[in-house]
Amino acid sequence: MKKSLLFEIGAEEIPASYIQPALDQMKAAAEAFFHEMRLSHGGVRTEGTPRRLALMVADLQERQEDLSEEVMGPPVKAAYGPDGKPTQVALGFAKGRGVDVAALTVKTTPRGDYVFAQVHQAGRFTFELLEDWLPQLPQKLAFPKSMRWGEGGPLRFARPISWLCALYGSRTLKFALEHIRSGAFTRGHRFLAPAPIKLKDAAEYEKKLAHADVVLGTAARRDQVLARLEKAAKKYGRLVPDDALLDVVANLLEKPFALAGEFDPAYLVLPKPVIIKVLREHQFAFAVERENGALAPVFLATTNGIERNLPAIREGNARVVRARLEDAKFFFAEDQKTSLERRREDLKTVVWHEKLGTVHERVERLEALAGWIAERLAPDAKADAARAARLCKSDLVTLMVGEKEFTSLQGEMGGVYARLAGESPAVSQAITEHYRPRFAGDEIPESPAGRCVALADKIDDLVGSFGIGLIPSGSQDPYALRRKASGIVAMLKAKTPEGGEALSLAELTEAAIHLYPQGRLSTPPRELTAQVMDFFRARLENALSEAGYEPSLVAAVAASRSEWVAEAFQRAEALRRVMDRDEFAPAVQAFSRVTNILDKAGDTKPVDEALLAEGAERTLWERYLAARPVVERYCAQGAFVQAFETLAGLGAPIDAFFGDVLVMAEDAGVRANRLSLLAQMARTIGLIADFRKLVKRQN
Amino acid sequence: MAPKTKVKPKPKSKPKPKPKPKPKLAPGTSFQDIILTLQKFWAGHGCVIAQPYDLEKGAGTFNPNTFLRSLGPEPWNAAYVEPSRRPRDGRYGQNPNRTQMFHQFQVILKPCPNDIMDLYLQSLGELGIVAQDHDIRFLEDDWESPSLGASGLGWQVWLDGLEITQFTYFQQVGGVELKPISGEITYGLERLAMYLQKADSFWDMAYGSGTSYAEMFRENERQFSRYNFEAAEAAVLFKDFENHESEARRLIELGLVLPAYDFVVKASHTFNLLDARGAISVTQRTGYIGRVRSLARKTAVAYLKLREELGHPLLKTGAA
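Just so it is clear, the model here is predicted, and its values are computed rather than measured.

### Details of the nonpolar core
In this structure, M400, L462, F536, L575, I688 and F691 of chain A are the most contacted members of the largest nonpolar core, which totals 137 residues. Sorting elements by how many residues they give to this core places helix α17 (residues 448-467) of chain A first, with 10 residues. Once residues within four sequence positions are removed from consideration, L462 of chain A is found in contact with L481, A485, I488, V532, F535 and F536 of chain A. Grouped together as the second largest cluster of nonpolar side chains are 135 residues, M26 and L177 of chain A together with I108 and A267 of chain B included.

### Some points on the interface of chain B and chain A
Often the size quoted for an interface is simply the accessible area lost on bringing the parts together. Listed as interface residues are 49 residues of chain B and, on the opposing side, 53 residues of chain A. Linking D327 of chain A and R98 of chain B is a salt bridge whose minimum nitrogen-to-oxygen distance equals 3.3 Å. At the boundary of chain B with chain A, the tally comes to 19 residue pairs in polar contact (both at pLDDT 80 or more). Taken together, the elements giving at least two residues each to the side of chain B that touches chain A come down to α3 (116-126), β4 (136-140), β6 (150-159), β7 (162-173), α4 (189-196) and α8 (282-309) of chain B. A total of five residues in the side of chain B that touches chain A trace back to one element, the largest contributor, which is β4 of chain B.

### Structural notes on the packing of aromatic side chains
Using the criterion set out here, one finds 40 aromatic pairs over all chains in the structure. Consider the rings of F67 of chain B and Y261 of chain B, whose centres lie 4.9 Å apart with planes at 10°: the pair is stacked. One end of the pair, F67 of chain B, is in helix α2 (residues 64-67); the other, Y261 of chain B, is in helix α7 (residues 257-276), and 194 residues separate them in sequence. Given a relative accessible area of 1%, Y261 of chain B falls into the buried group. The ring of F125 of chain A has R63 of chain A sitting right over it, with the charged end atom 5.6 Å from the ring centre. A cation sits over an aromatic face here: R69 of chain B above W76 of chain B, 3.9 Å from the ring centre.

### Things to note about unusual backbone geometry
Residue K110 of chain B is joined to P111 of chain B through a cis peptide bond whose omega torsion reads -10°. Among the secondary structure elements, P111 of chain B is positioned in the loop between β3 (101-110) and α3. Here the phi dihedral of A480 of chain A falls at roughly 55°; this positive angle occurs in a residue that is not glycine. Turning to its location among the elements, A480 of chain A is positioned in the loop between α17 and α18 (481-494). The partly exposed category is assigned to A480 of chain A, whose relative accessible area is 22%.

### Here's the deal with the side chain of H282 of chain A
Within the fold, H282 of chain A resides in helix α9 (residues 272-283). Judged by relative accessible area, which is 16%, H282 of chain A ranks as buried. H282 of chain A has contacts with K277, R324, E405 and F406 of chain A together with W158 of chain B, leaving out every residue within four places of it along the chain.

### A short note on the sheet that holds strand β16 (residues 295-303) of chain A
All names here are of chain A. Pairing is antiparallel in the open sheet, where four strands are placed in the order β13-β15-β16-β14. The open sheet has two edge strands, β13 (238-239) and β14 (257-262), and neither has a second partner. Here β13 pairs with strand β15 (residues 286-289) via two bridges, running antiparallel. Considered in β15, the bridge of R238 is made with E289. Of the strands in this sheet, β15 and β16 touch α9, which is tilted by about 15° from β16. On the sheet, helix α10 (residues 310-335) packs against β14 and β16 and is oriented at approximately 60° with respect to β14.

### A few points about the environment of H360 of chain A
Residue and element names in this part refer to chain A. Position of H360 relative to the elements: it lies in helix α12 (residues 359-377). Remark: the alpha-carbon pair of H360 and L347, spanning 13 residues in sequence, is separated by 4.8 Å. Leave out the neighbours within four places in its chain, and H360 touches R344, L347 and K348.

### Details of the sheet that holds strand β5 (residues 105-109) of chain A
Residues and elements named next belong to chain A. A sheet is described by the order of its strands in space; here three strands give the open sequence β4-β6-β5, paired in antiparallel fashion. Among the strands making up the open sheet, the edge pair consists of β4 (67-75) and β5. Adjacent strand axes in the sheet meet at a mean angle of 40°, parallel and antiparallel pairs treated alike. The sheet contact formed by β5 and strand β6 (residues 112-121) spans five bridges and is antiparallel. Note that in β6 the partner of T105 across the bridge is F116. Here helix α3 (residues 88-97) sits on the sheet in contact with β4 and β6, set at roughly 160° to β4.

### Section: helix α22 (residues 565-578) of chain A
The α-helix advances 3.6 residues per turn, and as a result positions three or four apart in sequence lie on the same side. If you check α22 of chain A, its first and last C-alpha atoms are 20 Å apart, about what 14 residues at 1.5 Å a residue would give, namely 20 Å. Among the 14 residues that make up α22 of chain A, 10 are buried, leaving the element largely enclosed by the rest of the structure.

### Considerations on the pattern of salt bridges
Scanning the entire structure with this criterion turns up 69 salt bridges over all chains. Between K348 of chain A and E345 of chain A there is a salt bridge, with its nearest N and O atoms 3.1 Å apart. Classification of E345 of chain A by relative accessible area gives partly exposed; the value is 47%. Among the salt bridges present, the one from R249 of chain B reaches E245 of chain B, with a minimum N-O distance of 4.0 Å. In this pair, R249 of chain B and E245 of chain B are both assigned in helix α6 (residues 234-253), four residues apart and thus about one turn of the helix distant. According to the relative accessible area criterion, R249 of chain B is partly exposed, its value standing at 32%. Salt bridges here are not isolated pairs; linked through shared partners, they connect E341, R344, E364, E367, R387, R390 and E423 of chain A.

### Examining helix α4 (residues 126-133) of chain A
Residues and elements named next belong to chain A. Those residues of α4 not exposed but buried are T126, F127, L129, L130 and W133. The arc enclosing the buried residues of α4, seen along the axis, measures out at 160°, which places them on a common side. Those residues of α4 that are buried lie in contact with β1 (2-11), α1 (16-36), β3 (52-61), α5 (137-140), β7 (161-168) and β8 (171-172).

### Quick look at the packing of α12 of chain A against helix α13 (residues 382-391) of chain A
All names here are of chain A. The N-to-C vectors of α12 and α13 enclose an angle of 160°; their axes lie 8 Å apart at closest approach. Relative to α13, the element α12 lies roughly antiparallel. At the point where α12 passes α13, the crossing takes the right-handed sense. Where α12 abuts α13, its residues V363, L366, E367, A370, G371, A374 and E375 lie against K382, A385, A386, A389 and R390. Residues belonging to the contact of α12 with α13 are distributed by class as follows: seven nonpolar, one polar and four charged.

Rules and cut-offs
Residues numbered from 1 in each chain as written. Chains lettered and ligands numbered in written order. Predicted model: local features only at pLDDT ≥ 70, side-chain atom pairs only at ≥ 80, totals over all residues. Heavy atoms only, no water. Core = buried A, V, L, I, M, F, W, Y, C linked by side-chain atoms within 4.5 Å. Buried < 20%, exposed > 50% of the residue type's maximum accessible area, 1.4 Å probe, protein only. Helix = DSSP H or I, 4+ residues; strand = E, 2+ residues; numbered from the N terminus. Contact = heavy atoms within 4.5 Å. Salt bridge = Lys/Arg side-chain N within 4 Å of Asp/Glu carboxyl O. Polar contact = N/O pair within 3.5 Å; in protein donor to acceptor, adjacent residues only side chain to side chain. Phe/Tyr/Trp six-rings, centres within 6.5 Å; stacked < 30°, edge-to-face > 60°. Lys NZ or Arg CZ within 6 Å of the ring centre and 35° of its normal. Pairing = 2+ DSSP bridges. Axes fitted to C-alpha atoms, helices over the stretch in contact; angles between N-to-C directions. Expected span 1.5 Å × (residues − 1). Arc of directions from axis to C-beta. Parallel < 35°, antiparallel > 145°, perpendicular 65-115°, else oblique. Left-handed = near helix turned anticlockwise from the far one by under 90°. Nonpolar A, V, L, I, M, F, W, Y, C, P; charged D, E, K, R; others polar.

Right under this line is the structure:
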């Protein structure tokens, strides 16, 4: 027989963000438990609302199968004495397995003769197992924060547990968790259906809840919220989509309903992102936009299924929205009374990091750095980049951003205020964009000046953090340095002038370090550069992998010249294009032999042609001398396929050389000369990749 | 851009009565009526109706009826109004709903009963707020007072989008883990009154017995905003802070826990004044908060000892 199981933990309103992770944990724990208990089932499902976390299992087997298995014990020698009587070892084994010592058997195994026990275990009823296990489940769930209540624990949960409802088929499972006893009662919507509801069978749970104004499924609730919002928006325009907010709102409700309210169009003087933020962050409300993308003076609020008395609910929400917009309007007006230039003074009181100084010191560095970067990357944008960098952190001390109102609008507000104060479009755009990319996959700044400021902002942060030992390790990356380094890689990869690259990661890093006052960074510059470059190499590998290049290719590309980002992508693409050609495998073998020697070469000197042996050695040298300028020119142009092809032409001479010539010649001078020759070639090959990382793929 | 002024709802094209009549106040919704209703309700549920503690403070939590009484094993149920001062929030009486002084109605239930949320909702019913007719939500809001070394988990309660109450299960006070747990309900009285009176601004609210809220407090807001932001003498306040701190320490040494706690409260408020005055830099802030917290911790430990020495009298009488 199979029956369904319901276990519902009823609680006082659980934080929205806690619900899904808890449901995932419940599902995993249940699946593991049924597996361990050898109970078959037709699927585990977990669903939740702010007031309940529910575990539902279909077709759960009613009783464990009896278990019969043969268990291997000690060797015969240890189990029986010379007199043939069982020893303490055998007695202990039999007792431990719950069998009579006389019932032990001896069997021959590849390892010798061993004692075995035939163990029978009668299957237990599922309801018994559940009554033992279910009370443990709530205590196994981990929440970001948990609490005690009433007499003070030790039981902890996200919020106080109000009831436990547990049925297996029609059987009520009976257990207690501290003072809370399980039962067959669930509850409906807190206000719309407050009376306890008795369940006759686990299977009727979701239907009964639906009748009691609770939509149990999170996805269903989300869909309904969205549909309600879109319907409410229709009269005014279209809903401004916000998936993250939708996820939150769906977990703040048991029964979705939405309504539209209006606000004074005078507030539309506020920038669109500010209004959206006001509605979102303060009221969990959505915005509505017109066809042309401009906002309508409308907000969309949700209710927890309350549809009566809508005018009062609408007016209540509207009053709060009005007050919030009024605050924002006040901030917006006040903020414009002080220029971003003057606010730089206030940045002297804002500590960026206690070891790294104030934000004011930081913008001083950023101004110099952004200008320097622009000289290299976008000379025309130099003045704009420097100006934008000078002002880019001033919005941190505006009311809008600084007074904890809308921290996430940093950059955005600076750009708006800059524009309103008459800064050039390029400067205000650069300020707006300079935090980008803000997350993995986010856009990089569109404008050249914006990229220069964004690069300066991120590299200054990176070398500062590394310089005082704040280096990410494992999952620990509190300052999101990986994301920032990846952002730098993405920006340097994106646009390069034809035929080359104007700025390397190493140059960028050194320039940023150089701008810190002496003694501020505790790691010495050279060591710091090396650390940061290692970090960048990993980010580059990551970026190449995400671009779809296979691991060995990524390793080969990143192992050489990883400080040149755009070029690394060109090299990767070139290798991808040639790696399926027939000549690829032999070339990789040949190049790797050359490069391997390099590790043994030590200091190399210029090649002395007089010491070259006739035949394969001289041929290789001459062919190499002819090929080298060609390869270097192709590389400089970013034509790495042609560079590879040219080098691949040396494959045969290389093989001939290794076949005919003994590199480790007895004569020290000859030996050193040969190593020098190979070292020079290895350097040229390294312009494309470290081919040794590709050898494995060939085998 | 114009300086901040109250936005008066512009008359729309809809038909409207000629002179805008003052909306009639619904019965029981004046500021003082709300207080009387809540006092009566909670007195009926076993709370002692205490009075505000006669010191300036940032919140009802600072009242010894909460801070000290939530410590230790003895039960305690109390309710009281607490005028609360947040010097930084002053807006010279210009802002419709932000002031440097406002009123909390504080309920402390220890141990927190299982039906505490139902009781709270019943109290709203007494104020005429029927749950089925409004959107009432309990939204995650964990509370922490760094200067009191106190923290708890709970919600802010929304009524049709307006936050009207903080609801907190205390977990720790003065750095001490609590057992049993106190439930704290903090009604924002101005918010509730604004909602019930359908007012857009504190300054449009009725206080009661024919007196307006503005008459009661608007001049206070103007004067205290000027004091907090402009006139307060930082040098004097710094000295006050030092004195309050050393007095608190000295009195704890003498076993005078209750007077010592007064000086903790005074030190905390003095810090808030200095903060509003802009006399404390960002880097100094955490230092000052840490000093108040250290006093709060010492007081909490001393208070636990005091109640123990007194033999936990409320346990014996079974008071609830």
